[in-house]
Amino acid sequence: MPDADESDDDLPVVCVFGSVNVDHVFRCASALPRAGETVGDATHERAPGGKGANQACAAARTASDDDRDRVRDPSDDPVARRGVRVEFVGCVGADDDEYSLAALRDAGVGTERVRKCEDGATGTACVLVDANGENCIAVAPGVNARVNGDDVPRCDVLCAQCEVPARENTRAIARARELNPDVRVMLNYAPASAVDWGLILSASTVCVNETELAVLRDAHAARGGAARSKNLGVKESDCFLN
């Protein structure tokens, strides 16, 4: 637990810069529909989502009192000992009606730097899931395309993903390092479509799944690197599978 005389302003800050989506999840009782096919056995639910918002909620919940209390020896873990303050930077549309913001706040995420764009729509994702848990996803980014990296505050850790424009991720990283040269940058390179090596090389830690890792390996091999290189040319960085 944080000390009684320690305010939130004294806590380490994790800033998550990224996307907010409203997910429409269709769970198919059997298989996913093929091209041109309609499947009529699905259930539907709406859920708050977006890689950025999900990451912020996960960070805040990890640093919650309940999780800290479960740490066997909090003295060995600075997060467990002191906690962190999680701030989210992103955009929602006029259609959000506090749905996405409420989900962030309920998880303990600061939303003061979330901009509401009155002339645009919140990002939306259509998620189809089959009986085995396999899925396919289509995303309409909406106002996620309007995020501004200059909105990032001083922080100790900056988390970013690729559901927002790469140029704004680059700007966010530059801004975070301008405010704190020791900031650690964690980049979830997902979705991995166009490979931006400048963005990848600017991260302290790169997190990918197996599909994204294959995309990066192929791109690395195409530019003359070893296809099986463990760090893909990301010097002094870590690459984790998620």
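Residues numbered from 1 in each chain as written. Predicted model: local features only at pLDDT ≥ 70, side-chain atom pairs only at ≥ 80, totals over all residues. Heavy atoms only, no water.

## Digging into the environment of leucine 213
Note on placement: leucine 213 falls in helix H7 (residues 210-222). Residue leucine 213 is classed as buried on the basis of its relative accessible area, which comes to 11%. Along the backbone, leucine 213 and tyrosine 189 are 24 residues apart, and their C-alpha atoms lie at a distance of 8.9 Å. (Helix = DSSP H or I, 4+ residues; strand = E, 2+ residues; numbered from the N terminus. Buried < 20%, exposed > 50% of the residue type's maximum accessible area, 1.4 Å probe, protein only.)

## Digging into the packing of aromatic side chains
The description of an aromatic ring pair uses the distance of the two centres, along with the angle that the planes make with each other. Under the criterion given, the structure shown has 0 aromatic pairs. The ring of tyrosine 99 carries arginine 46 above its face, with NZ or CZ at 3.7 Å from the centroid. (Phe/Tyr/Trp six-rings, centres within 6.5 Å; stacked < 30°, edge-to-face > 60°. Lys NZ or Arg CZ within 6 Å of the ring centre and 35° of its normal.)

## Structural notes on the layout of surface pockets
Taken as a whole, the largest pocket holds about 560 Å³ of empty space. Along its surface, the largest pocket is lined by 20 residues, and Lys51, Val127, Asn135, Ile137 and Glu163 are the ones closest to its centre. Considering every element that reaches the lining of the largest pocket, the biggest residue donor is strand S2 (residues 21-28), with 4 residues. Class assignment of the residues belonging to the lining of the largest pocket gives a composition of 10 nonpolar, 5 polar and 5 charged. (1 Å grid on protein atoms, 1.4 Å probe; cavity = no way out; pocket = protein on both sides within 12 Å on 5 of 7 lines; lining within 4 Å. Points joined across faces, edges and corners; volume = space filled by probe spheres on them. Nonpolar A, V, L, I, M, F, W, Y, C, P; charged D, E, K, R; others polar.)

## Here we look at the pattern of salt bridges
For the structure shown, the criterion picks out 9 salt bridges. For arginine 167, the salt bridge is made with glutamate 168, and the minimal N-O distance between the two is 3.8 Å. Classification of arginine 167 as exposed rests on a relative accessible area of 57%. Residue classification places glutamate 168 among the buried residues on the basis of a relative accessible area of 7%. Via salt bridges that share partners, Arg167, Glu168 and Arg171 belong to a single interconnected network. (Salt bridge = Lys/Arg side-chain N within 4 Å of Asp/Glu carboxyl O.)

## Looking at the confidence of the model for the protein
Within the protein, residue pLDDT values average 84, and 81% of them lie at 70 or more. Residue range residues 70-81 is modelled with pLDDT below 50. Its contacts to residues more than four positions away, or to other chains, number 13 contacts. (pLDDT = per-residue confidence, 0-100. Contact = heavy atoms within 4.5 Å.)

## Describing the environment of leucine 101
Positionally, leucine 101 belongs in helix H4 (residues 99-106). Here the alpha-carbon distance between leucine 101 and proline 48, two residues 53 residues apart in the chain, equals 9.1 Å. Excluding anything up to four places from it in sequence, leucine 101 contacts Val92, Asp96, Thr111 and Val114.

## Focus on helix H1 (residues 51-62)
For H1, with 12 residues, the first-to-last C-alpha span of 16 Å sits near the 16 Å given by 1.5 Å per residue. Of all the positions in H1, only Gly52, Ala53, Ala56, Cys57 and Ala60 are classed as buried. One side of H1 carries all its buried residues, which in axial view fall inside an arc of 130°. Those residues of H1 that are buried lie in contact with strand S1 (13-17), strand S3 (42-49), strand S4 (85-93), H4 and strand S8 (157-161). (Expected span 1.5 Å × (residues − 1). Arc of directions from axis to C-beta.)

## Quick notes on the pairing of strand S7 (residues 135-140)
By the bridge criterion, 6 bridges tie strand S6 (residues 123-129) to S7 in an arrangement that is antiparallel. Among the inter-strand pairings, valine 129 is bridged to a residue of S7, identified as asparagine 135. The antiparallel hairpin formed by S6 and S7 contains 5 residues in its connecting segment, where glycine 133 sits at a positive phi of about 90°. (Pairing = 2+ DSSP bridges.)

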